[in-house]
There are 2 protein chains.
Amino acid sequence: MKFNLQTSFTFSNEITLIMEDINQYLKNFNKEIIKKDKTVKIDNIKIQKNSLSFDIISEGSFRPHNVLLQMKNAISKEFGKKHHIGVRTIAILDYTIEFELEKKPLKKVTIPFADVKIKDKLATMKLKNVDDEFLQKNYIDRMINRVKEKVENQYYEGKGEFWESIWESPEKKPVWKKDPTEEMAKLGWLQQGPTKGKWFYRPQAAAILKTMEKIAIEEVLKPLGFKEIIESHIVSFDIWLKTGHLEGMPGEFYYIAEPATRDAEVWERFVDLVKITKEIPDEELKKNLSIPKAGICYAQCPVIYWSLKGKTISEKSLPVLIYDNTAISSRYESGGRHGIERVDEFHRIEPVYIGTREQLLKLREKMLERYKHVFNKIFDLEWRMAWVTPWYMQQSGKIGDKSTQDTGTIDFEAYMPYRGDRKKSEWLEFQNLSILGDKYINSFNIKAQKSKLWSGCSGIGLERWTTAFLAQKGLDPANWPKVFKKYLEKIPKGIDFL
Amino acid sequence: MKFNLQTSFTFSNEITLIMEDINQYLKNFNKEIIKKDKTVKIDNIKIQKNSLSFDIISEGSFRPHNVLLQMKNAISKEFGKKHHIGVRTIAILDYTIEFELEKKPLKKVTIPFADVKIKDKLATMKLKNVDDEFLQKNYIDRMINRVKEKVENQYYEGKGEFWESIWESPEKKPVWKKDPTEEMAKLGWLQQGPTKGKWFYRPQAAAILKTMEKIAIEEVLKPLGFKEIIESHIVSFDIWLKTGHLEGMPGEFYYIAEPATRDAEVWERFVDLVKITKEIPDEELKKNLSIPKAGICYAQCPVIYWSLKGKTISEKSLPVLIYDNTAISSRYESGGRHGIERVDEFHRIEPVYIGTREQLLKLREKMLERYKHVFNKIFDLEWRMAWVTPWYMQQSGKIGDKSTQDTGTIDFEAYMPYRGDRKKSEWLEFQNLSILGDKYINSFNIKAQKSKLWSGCSGIGLERWTTAFLAQKGLDPANWPKVFKKYLEKIPKGIDFL
């Protein structure tokens, strides 16, 4: 890496008379700096009237902009005392940073605040219109990282996800090959919701979804000692900044805009226009709303981590085993919506577990056992498990081959007969289970009395459980496994329409 | 009421030569109109070059702007055929409407699209910058109504709500006089949520809230035959236009802004800025969001009515008895937040009932019986019931004295010992029950095979049940009624922090 910062200081008075002094001072300053980083060089010093210009060059860990900010203070102090001269303004004439990439980029890379040119594996980043205030912010290294990451992502784009089967159930003969959502909609068990990708579950479909909830709680969570918590389904941006969601999938959130005020007088014109035109006056609405600072729950675990932020957990409370079954998840899906299995709004139970590595590895075995019990014994499903690599782990590169599979995510996939051949069609991810190491533990500064903590979570999607089950077992309880029928013997009667 | 519309038509050619023809035509047109409304008069006819100007005056039900639009078509047809002359433009020179108010306004009244002057009880509304396109929209009568309503509201503002006690329990000796939220927060049973007016219920407080849910379902809803549905918690504006919520409380919604796109390229700069600055770039966010078209659930019943929109319900399905226990309610509270009893986010079960008047009046008695059973026998509360008049009924003026109490709302209020003397302090509304007549039935065009339908709903606020109970019975299960303890014997162990 090579940094070259060209700068000029404008002093409150002419400095040509103290040229020697200044030159000497800079030389000494350079000598001191070299003790910290021997690659730093102050070069090309020019003095003219009340202006001092020079370059700071560095190839080490000490960045020229940090050198500059230190120097500004030192010079002001030194020459203020000695010559009653101060630094009025600092101009950044040029700041160019060269660094090596691991791979040649496949297409152009741009980032804010700088022009980036890349030749082979050498990137040259030239900052645009920056001042010393900008340099004070800690952006430069993040900009370098962002360029590197973008090139890295170019290679990763389009590559298939990591996927490795670890368990498969025997083949099961499906009862039918129809799409359960379509059939339920025809029967009036459910109807499309008032906005895109939402559903209204009439009593018949609601009973099935609620049965899935009951089975998850009674057969998986309670036997393992998980306790329910209730979290807010509204997530502030500062939480998503910590988890990385906000940089990961900003195009997938349902954002929340609060009213700028509740004051009826401010809203009077809006109400007038609604009452007179029977339409929504968009511009008037915009004026009365605040800029979003939060969104609707995307997954439940971030708020659970937030609730433990900065806490030190007593050893005897480990492992912490809690779940949320209240917050509704919303994800903006644009394309690819299908039935109740790929939707903008869904209902998930999310258990979160925090404990030592050993505790979590043991817990994972017990959870797998309970899930197997449900999917084999109660649902009698054809399904499989696979190691996969979700975005947050891929980014930080923590997951590797099978031998290091302490952390990582297991996906549970069910065969969906309506999609065609079991070997060729896409199976439905209807459940997952992750151990995430110390990622979120560190982001939220969660500590234990003594132990080093890990955490993990496991999303139980009720809509996914429902479609996986119905896609294989059909809508007629007569064809359902006996054990399942202990939970739901028959479909409740709905409302009859003419 | 008196309408005076001054208008002028510009023709495609000079019309002075056919002046007689035009005068005769207007006379005949007026004669025809008078058959429909004898107060309509076309007056002050002037012809100059290619311009025809005249006034339309009316004091009856036929509005001058409707006369004008009819006339435009008729004239174009008549003179196009006869003289090959057409109407090029219509100018509205002045449109003044006078109407009587029931009361003198207490302060100035303004509305969009017009200047309003009021002298005593006579309002003069002069339209501003309108053209014939504006007149085609059906705004004028709604504007008149809006002025009348605003004057009416001036008298209503500040007047106390209608409130009449209809039942009171005996006094009960409270176990303590503390604020349950404060005490639970001290014990770590709950903590303030990540955004304003939200809470995070740790296992101890969650257990109590979930117990309330169970009691409501097992002791009230199931015995009466209510069936669960699952609705979307995202409500589109067209639903709130139909229920009147959007004109009733636009300053209280949590609005939802969807991403304008999921396209990663569009979001790239946003992600760059988040990654580099570790802050949210508000302007970049704004650019990437759509204008809100929906909000988070305010109460659950509107989406239930929407789900039945335009349907004809079979007689044998009456009364329809359904409830939602999934959608989370959000209300922007700005001031007045307190504990878990006045919050921006809460959890409610909302049963909705649709049937004949007789069915609903009978159901109300049975529901009151079940609620009394819960609040007297299980909670052992000190509470009362009162007739109240919510905004939507007050607006339509449907509720009156006790003799006409088929429709209306009953509030359930609990004494809150921590607030002070039972006679002087404000009690907490912890439950309500409404019969709303055919208001929503009509808004959503819901029909039965034969019967005339009414509807109603009853909000069961779990946070409200929880605080009402805890405020009187305290946090120690030892002091709780035995029957309640059948549902929750002890508080689960929470997470211990150092």
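Note: the structure precedes this text.
This write-up is about the structure you can find in this document. (Residues numbered from 1 in each chain as written. Chains lettered and ligands numbered in written order. Predicted model: local features only at pLDDT ≥ 70, side-chain atom pairs only at ≥ 80, totals over all residues. Heavy atoms only, no water.)

1. Some remarks on the overall build of chain A
From N to C terminus, chain A includes 16 helices and 23 strands. Computed over the C-alpha atoms, the radius of gyration of chain A is 30 Å, more than 25% above the 23 Å expected from 2.2 N^0.38 for a compact globule of 498 residues. Taken along its principal axes, the extent of the C-alpha atoms in chain A is 100 × 70 × 50 Å. A burial count over chain A gives 57% of its 498 residues as buried. Within chain A, residue pairs in contact and separated by at least 24 positions form 73% of the contacts whose partners lie at least 6 positions apart. Of the accessible surface of chain A, which amounts to about 21,900 Å², a share of 47% is contributed by carbon and sulfur atoms. (Helix = DSSP H or I, 4+ residues; strand = E, 2+ residues; numbered from the N terminus. Rg over C-alpha atoms; globule rule 2.2 N^0.38 Å. Buried < 20%, exposed > 50% of the residue type's maximum accessible area, 1.4 Å probe, protein only. Contact = heavy atoms within 4.5 Å. Areas by Shrake-Rupley, 256 points an atom, 1.4 Å probe, with all protein chains shown as cover.)

2. Focus on the pairing of strand β15 (residues 320-324) of chain B
Residues and elements named next belong to chain B. In terms of residue burial, β15 counts as a mostly covered element, since 5 of its 5 residues are buried. Both faces of β15 are covered, namely the face carrying V320, I322 and D324 and the face carrying L321 and Y323. Bridging between β15 and strand β17 (residues 345-355) involves 5 bridges; their strand directions are antiparallel. Among the inter-strand pairings, L321 is bridged to a residue of β17, identified as Y353. (Pairing = 2+ DSSP bridges.)

3. Some details on the packing of aromatic side chains
Inspection of every chain in the model, using the stated rule, returns 70 aromatic pairs over all chains. Here B:W383 and B:F412 contribute two aromatic rings whose centre-to-centre distance is 5.7 Å and whose plane-to-plane angle is 0 degrees, an arrangement assigned as stacked. With a gap of 29 residues between them, B:W383 in strand β18 (residues 383-388) and B:F412 in strand β19 (residues 408-414) connect regions that are remote in the sequence. Taken together, the ring pairs in this structure connect A:W167, A:Y371, A:F375, A:F379, A:W383, A:F412, A:F430, A:W465, A:F469, A:W480 and A:F484 into an aromatic cluster. When the ring centre of A:W427 is taken as origin, the NZ or CZ atom of A:R384, which lies over that ring, is 3.9 Å away. (Phe/Tyr/Trp six-rings, centres within 6.5 Å; stacked < 30°, edge-to-face > 60°. Lys NZ or Arg CZ within 6 Å of the ring centre and 35° of its normal.)

4. Considering the relation of the copies chain A and chain B
Under the fitted operation, chain A is carried onto chain B by 0.1 Å of movement along the axis and a turn of 180 degrees, and the coordinates agree to an RMSD of 0.2 Å. Expressed as an axis order, the relation between the two copies is that of a two-fold axis. When C-alpha distances to the rotation axis are compared across chain A, the minimum falls at A:I256, with a value of 2.4 Å. Taken as a fraction of all interface residues of chain A, those also at the interface in chain B reach 99%, which identifies the copy contact as same-surface. (Least-squares fit on C-alpha atoms with pLDDT ≥ 70 in both.)

5. Looking at the sheet that holds strand β3 (residues 51-58) of chain B
All names here are of chain B. Ordered in space as β2-β3-β1-β4-β6-β5, the 6 strands form an open sheet in which the pairing is antiparallel. At either margin of the open sheet sits one strand with a lone partner, and together these are β2 (41-48) and β5 (114-119). Averaged over neighbouring strand pairs, the angle between their axes works out to 15 degrees when direction is ignored. In terms of strand pairing, β2 meets β3 through 6 bridges, oriented antiparallel. Paired with K46 across the two strands is S53, which belongs to β3. (Axes fitted to C-alpha atoms, helices over the stretch in contact; angles between N-to-C directions.)

6. Let's talk about the side chain of B:K198
Here B:K198 is to be found in the loop between β8 (190-192) and β9 (199-201). Summary of buried charges: B:K198 has no salt-bridge partner, and the nearest side chain of opposite charge, B:D344, is 4.4 Å away. Here B:T195 takes part through its side chain, which lies 3.0 Å from a polar atom of the side chain of B:K198. Sequence-distant contacts of B:K198, that is, excluding residues within four places in its chain, are made with A:S232, A:I234, B:Q192, B:G193, B:Y254, B:D344 and B:E345. (Lys, Arg positive; Asp, Glu negative; His and termini not counted. Salt bridge = Lys/Arg side-chain N within 4 Å of Asp/Glu carboxyl O. Polar contact = N/O pair within 3.5 Å; in protein donor to acceptor, adjacent residues only side chain to side chain.)

7. Some words on the pattern of salt bridges
Inspection of every chain in the model, using the stated rule, returns 85 salt bridges over all chains. The closest approach of N and O atoms between A:D272 and B:R146, which form a salt bridge, is 2.6 Å. A residue pair is termed interchain when its members come from two chains, as with A:D272 in helix α9 (residues 264-277) and B:R146 in helix α4 (residues 140-156). The pair A:D272 / B:R146 is uniform in exposure class, with both members buried. The network of salt bridges with common partners includes A:R146, A:E149, A:K150, A:E247, B:E268, B:D272, B:K275 and B:K278.

8. Description of the interface of chain A and chain B
Taken together, the contacts link 106 residues of chain A with 105 residues of chain B. Of the roughly 9,600 Å² buried between chain A and chain B, counting both surfaces, carbon and sulfur atoms make up 66%. The largest per-residue losses of area from chain A upon contact with chain B belong to A:I230, A:R262 and A:I276, which jointly make up 9% of the total buried on that side. There are 24 salt bridges connecting chain A and chain B. At the surface where chain A touches chain B, the tally comes to 39 residue pairs in polar contact (both at pLDDT 80 or more). In terms of residues, the side of chain A that touches chain B owes the most to one element, α9(A), which gives 11 residues. In terms of residue class, the side of chain A that touches chain B is built from 54 nonpolar, 22 polar and 30 charged. As defined by bridge partners, strand β12 (residues 255-257) of chain A adjoins strand β12 (residues 255-257) of chain B across 3 bridges and the pair is classed as antiparallel. (Buried area = accessible area lost by both parts, 1.4 Å probe. Nonpolar A, V, L, I, M, F, W, Y, C, P; charged D, E, K, R; others polar.)

9. Concerning the sheet that holds strand β11 (residues 234-236) of chain B
As summarised here, the arrangement of the 6 strands in space is β11(A)-β13(A)-β12(A)-β12(B)-β13(B)-β11(B), forming an open sheet in which the pairing is antiparallel. Edge strands, defined here as strands with exactly one partner in the open sheet, are β11 (234-236) of chain A together with β11 of chain B. For this sheet, the mean inter-axis angle between neighbouring strands, taken without regard to orientation, is 45 degrees. With 3 bridges joining them, β11(A) and strand β13 (residues 294-296) of chain A adopt antiparallel strand pairing. Counterpart to A:V235 in the pairing with β13(A) is A:G295.

10. Notes on the state of the cysteines
Per the stated rule, a full pass over the model turns up 0 disulfides over all chains. With no disulfide of its own, B:C457 lies 4.0 Å from the sulfur of B:C301, the closest cysteine sulfur. (Disulfide = S-S within 2.5 Å.)

11. Here we look at unusual backbone geometry
Residue A:L318 is joined to A:P319 through a cis peptide bond whose omega torsion reads -10 degrees. Assignment of secondary structure puts A:P319 in the loop between β14 (312-313) and β15 (320-324). One non-glycine residue, A:N129, adopts positive backbone phi at about 45 degrees. Relative to the helices and strands, A:N129 is located in the loop between β6 (122-127) and α3 (132-136). In this structure, B:F113 is a non-glycine residue whose phi angle is positive, near 75 degrees. Within the element layout of this structure, B:F113 appears in the loop between β4 (87-100) and β5.

Fair warning: the whole summary comes from geometry, so function is off the table for now.
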